[in-house]
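In case you want the letters, here they are:
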Amino acid sequence: MEIKAKANANIALVKYWGKRDEKLNLPAVGSISVTLDQLTTITTVETDESLTEDEIIINGKTPTDKEILRISSFLGKIRSMAHRDEKVRVSSRNNFPTGAGLASSASGFAALALAGTKAYGLDPDPQELSILARKGSGSAARSFFGGFVEMIRGYSEDGIDDFAMQIADENYWDLKALILITSEEKKKVSSTTGMIHTSFTSPYFQAWVDSSDEDIQEAKFAIYEKDFEKLAEISELSCLKMHALALSAKPGLIYWNGSTIDLINEVRRGRANGIPMFFTVDAGPQVKVFTTAAYVEKVKGLFEGHPGITKILTAGIGPDAKILRDED
Ligand code: DP6
């Protein structure tokens, strides 16, 4: 049977960086994200008894051997949950640039977990889906849920308490994100590699872990209160702390380019001048700017034509991942 699922990308405001267990992919810290509309992955999974191995196509192309291995081993987890062994045909498409710090693995593994479990006849609840997706990619655990989402850092050895849950849905607070693309080159050090390298070599890693709960609490409070200024402060703090950590690895990881810094400064200038806006940056050089719906056009106007920007994507807050039926 062919099953199609759609999941949206998400951007972390309080960042996930580091693993407490690499093999089970358990995050060392909790995180808070917003799910975005507009940036989606649609994935089709079809079981086929005649296949001797999984057939995987991403954005119309066969992925690299490393990517195939990661996806096939994830499919293997679904097969063992379902006690089935036939292979699948997978076709997945993102409507945004892959591998440029835009969390394509988040929407990718969330859509694959949803379509894959259904294709093998399983019907997991959202928490089980989140746990499964986390095994593919930590940030994918958050992409099942629309709106504002918390990924909980668990303590159990098997990761049964490491899952995401919704804080508030997509209609709660009409924020907008502008994604300022400064380069579409594939990043040189993936998030996975970068965070493992950081946790082993940065002298500040434990301080990052120890201070993360406070960041989560502050961000949650800012969301409950719809306090934009507070959310701006805590999001920028978490982002800069994550990059400071990466910079302090041995050798240091620099995900930014010159335009990233220019844009960060522009955002801070704008906010100092009374425009509600803040930045966040992931493991790449793109700058994501959050603002309110009322200011989105004004903020866009500040960046249009900027020499360091190749493209601007605009998104609102997106919904839960879902199975697509023929009528969708
Ligand atoms: C900087 O979820 O891609 O975007 O679990 O190894 O697949 P893996 O890592 P991934 O890391 C995302 C890191 C980040 C911050 C975040 O999204 O929280």
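Residues numbered from 1 in each chain as written. Predicted model: local features only at pLDDT ≥ 70, side-chain atom pairs only at ≥ 80, totals over all residues. Heavy atoms only, no water.

Some thoughts on the site of the ligand
- Around the ligand, 18 residues are found, and the nearest of them are Y16, K19, G138, S139 and T192.
- Between R142 and the ligand, the recorded distance is 2.8 Å, taken from a side-chain N or O atom to an oxygen atom.
- Between an oxygen atom of the ligand and a side-chain N or O atom of T192, the distance comes to 2.7 Å.
- Here the element with the most residues in the shell around the ligand is helix α4 (residues 191-201); it accounts for three residues.
- Of the residues belonging to the shell around the ligand, the class tally is six nonpolar, seven polar and five charged. (Near = heavy atom within 4 Å. Polar contact = N/O pair within 3.5 Å; in protein donor to acceptor, adjacent residues only side chain to side chain. Helix = DSSP H or I, 4+ residues; strand = E, 2+ residues; numbered from the N terminus. Nonpolar A, V, L, I, M, F, W, Y, C, P; charged D, E, K, R; others polar.)

Structural notes on the environment of Y172
- Note that Y172 resides in the loop between β8 (164-168) and β9 (175-181).
- Distance from Y172 to F148, taken between C-alpha atoms, is 8.6 Å for residues 24 residues apart in sequence.
- Ignoring sequence-local partners within four residues, the contact set of Y172 consists of F148, I223, Y224, E225 and K226. (Contact = heavy atoms within 4.5 Å.)

Section: the pattern of salt bridges
- For the coordinates displayed, the defined rule picks out 19 salt bridges.
- Across the pair K188 and E185 runs a salt bridge whose closest N-O atoms are separated by 3.7 Å. Side by side, K188 and E185 carry an identical accessibility label, which is exposed.
- R271 is the partner of E229 in a salt bridge, and the nearest nitrogen-oxygen pair spans 3.8 Å. (Salt bridge = Lys/Arg side-chain N within 4 Å of Asp/Glu carboxyl O. Buried < 20%, exposed > 50% of the residue type's maximum accessible area, 1.4 Å probe, protein only.)

What about the domain arrangement of the protein?
- With domains assigned, the protein is organised as domain 1 (2-173) and domain 2 (176-315).
- Between the C-alpha centres of domain 1 and domain 2 the distance comes to 23 Å.
- The interface is formed by 33 residues belonging to domain 1 together with 52 residues belonging to domain 2.
- Around 3,500 Å² of area is buried between domain 1 and domain 2 when both sides are counted, 70% of it from carbon and sulfur atoms.
- On the domain 1 side of the interface with domain 2, the three residues burying the most area are K15, W17 and W173, jointly 25% of the side's total.
- Across the contact surface, domain 1 and domain 2 share two salt bridges.
- Put simply, D282 and K15 hold a salt bridge, and the shortest N to O gap is 2.6 Å.
- Linking domain 1 with domain 2 are nine residue pairs in polar contact (both at pLDDT 80 or more), by the criterion used here.
- Of all the elements in the fold, those that place two or more residues in the side of domain 1 that touches domain 2 are β1 (2-14), β4 (31-48), α1 (65-82) and β7 (148-151).
- Ranked by residues supplied to the side of domain 1 that touches domain 2, first place goes to β4 with seven residues.
- Split into classes, the residues belonging to the side of domain 1 that touches domain 2 amount to 20 nonpolar, six polar and seven charged. (Domains from an automatic or database assignment. Buried area = accessible area lost by both parts, 1.4 Å probe.)

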